[in-house]
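Architecture at a glance
Here is what each chain is made of, one letter per residue.
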Amino acid sequence: MNGLSKGIRKVEIALKWDPSPAGQPPSDLDIVAATYLASDPYGDPAYVVHFDSRSPDGTIYLNRDSKDGKGFGWDEVLTVELDRLDARYARVVVGVVIQQRPGRRTFVSVINPALRIREGYTDLAEDNFGGVLGATAATVAEFLREESGVWDFHPGIHGFEDDPTSFTAIMGRTRRA
């Protein structure tokens, strides 16, 4: 980025999927976001935002939540106001978790999942989770605050096959190749 760049300021992460066929249990996907302190950017999250919460300062919030994919357009929408996030936070990781009731579910069992990450009217990333079909959860974006204070976007879908209840505790750890 050049000296005139303001970096990424406010992003919207949107998720959609088709409802399950009649007689099948609904697919329930949830967007989650975790913030990390500058003093420990790859340690435990300072806080996590999910369907039952929002950030303490109101900078990360869920606009829309679906339990079955029956919404019009984008079923889940999360907004992250990076430009308002306190300077003590240096990293935000966003993920998607598949609820595991009544049984184990992976992305291969979700019909037509789609992800869009945008800033204003500019699409930063789009995906269909085709690279993580066996995963129960996936990280979908990482935002890092540079030394200059501007935020940088790092796209990429990384699947997790562990227990999704522990996903928010491990989603921001350094990945091993």
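Above this text sits the structure in question.
Each value, and the rule that gives it
Residues take numbers from 1 onward in each chain, read along the sequence in its written order. In view of the model being predicted, local features appear only for residues whose pLDDT reaches at least 70, and side-chain atom pairs are presented and counted only at 80 or more, with totals across whole chains, interfaces and linings using the full set of residues. Note that water and hydrogens are dropped before the side-chain values are worked out from all heavy atoms of the structure. Where helices and strands are cited, they refer to DSSP runs of H or I of at least four residues and of E of at least two residues respectively, numbered from the N terminus. What the globule rule says is 2.2 Å times the number of residues to the power 0.38, and the radius of gyration is computed from C-alpha atoms. Only protein chains enter the accessibility calculation, which uses a 1.4 Å probe; a residue whose area is less than 20% of its type maximum is buried, one above 50% is exposed, and one in between is partly exposed. Should any heavy atoms of two residues lie within 4.5 Å, those residues are counted as being in contact. Salt bridges are identified by distance alone: a Lys or Arg side-chain nitrogen within 4 Å of an Asp or Glu carboxyl oxygen. In this description, a nonpolar core means a group of buried Ala, Val, Leu, Ile, Met, Phe, Trp, Tyr and Cys residues linked to one another through side-chain atoms lying within 4.5 Å. Any pair of N or O atoms that falls within 3.5 Å is considered a polar contact. Within protein, one atom must be able to donate a hydrogen and the other to accept it, and sequence-neighbouring residues count only if both atoms are side-chain atoms. Side-chain rings of Phe, Tyr and Trp (the six-membered ring for Trp) are treated as a pair once their centres are within 6.5 Å; stacked means planes under 30 degrees apart, edge-to-face means over 60, and tilted covers the remaining angles. By the convention used here, strands pair only if DSSP detects at least 2 bridges between them. To get an axis, a line is fitted to the C-alpha atoms, and for a helix only the part in contact is used. The angle between two axes follows their N-to-C directions and goes from 0 to 180 degrees.

It is worth spelling out the overall build of the protein chain at this point. For the protein chain, the helix and strand inventory stands at 1 helix and 10 strands. Seen in sequence order, the protein chain has helices and strands lined up from the N terminus as β-β-β-β-β-β-β-β-β-β-α. Scaling as 2.2 N^0.38, a compact globule of 177 residues should have a C-alpha radius of gyration of about 16 Å, and the protein chain matches this with 16 Å. The dimensions of the protein chain, computed from C-alpha atoms along their principal axes, are 55 × 35 × 30 Å. Counting every position in the protein chain, which comprises 177 residues, the buried fraction comes to 45%. In the protein chain, 68% of the contacts between residues at least 6 apart in sequence involve partners at least 24 apart.

By the definition in use, this model includes 6 salt bridges. Here Glu 142 ties to Arg 91 by a salt bridge, and the two come within 2.6 Å at their closest N and O atoms. Here Arg 91 lies in strand β6 (residues 89-98) and Glu 142 lies in strand β9 (residues 137-145), a separation of 51 residues in the sequence. Relative accessible area serves as the criterion here: at 1%, Arg 91 is assigned to the buried category.

Right, let's talk about the nonpolar core for a bit. Within the largest apolar cluster, 34 residues are counted, with the highest numbers of intra-cluster contacts made by Ile 13, Leu 78, Val 92, Val 94, Phe 107 and Phe 143. Residue assignment for this core shows that the elements contributing at least two residues are β1 (10-18), β2 (29-37), β3 (47-49), β5 (76-81), β6, β7 (111-119), β9 and β10 (151-160). In terms of residues, this core owes the most to one element, β6, which gives 5 residues. Discounting chain neighbours no more than four positions away, the residues touching Leu 78 are Val 11, Glu 12, Ile 13, Ile 31, Ala 33, Val 49, Ile 60, Tyr 61, Leu 62 and Val 94. By size, the runner-up hydrophobic cluster in this structure holds 10 residues, among which are Ala 34, Val 97, Phe 160 and Phe 167.

You can see Thr 79 is positioned in strand β5. Of the polar contacts made by the side chain of Thr 79, one reaches the side chain of Asn 63; its length is 2.8 Å. Setting aside anything within four residues of it in sequence, one finds Thr 79 in contact with Lys 10, Val 11, Thr 59, Ile 60, Tyr 61 and Asn 63.

Below, the discussion takes up the packing of aromatic side chains. Scanning the entire structure with this criterion turns up 4 aromatic pairs. Aromatic side chains Tyr 47 and Tyr 89 sit 5.5 Å apart centroid to centroid with 85° between the ring planes, which places their arrangement in the edge-to-face category. Here Tyr 89 lies in strand β6 and Tyr 47 lies in strand β3, a separation of 42 residues in the sequence. Note on Tyr 47: relative accessible area 12%, which makes it buried. Using a relative accessible area of 6% as the deciding quantity, one classes Tyr 89 as buried. With a centroid separation of 5.0 Å and an interplanar angle of 75°, the aromatic rings of Phe 160 and Phe 167 are classed as edge-to-face.

As a general point, the strands of a sheet are linked pairwise by backbone hydrogen bonds and lie either parallel or antiparallel. Spatial strand order, β3-β2-β6-β9-β10: 5 strands in an open sheet with antiparallel pairing. For this open sheet the edge positions go to β3 and β10, each flanked by a neighbour on one side alone. When the angles between neighbouring strand axes are averaged without regard to direction, this sheet yields 20°. The pairing of β6 with β9 spans 7 bridges and is antiparallel. The partner of Val 97 across the bridge, within β9, is Ala 137.

Right, let's talk about the sheet that holds strand β4 (residues 60-64) for a bit. The strand order across the open sheet formed by 5 strands is β4-β5-β1-β7-β8, and the pairing between neighbours is antiparallel. Because the sheet does not close on itself, it has two edges, and the strands there are β4 and β8 (122-127). In this sheet, neighbouring strand axes are inclined to one another by 20° on average, regardless of whether the strands run parallel or antiparallel. Across 5 bridges, β7 lies against β8 in antiparallel orientation. Each bridged residue has a counterpart across the sheet, and for Ile 117 the counterpart in β8 is Ala 125.

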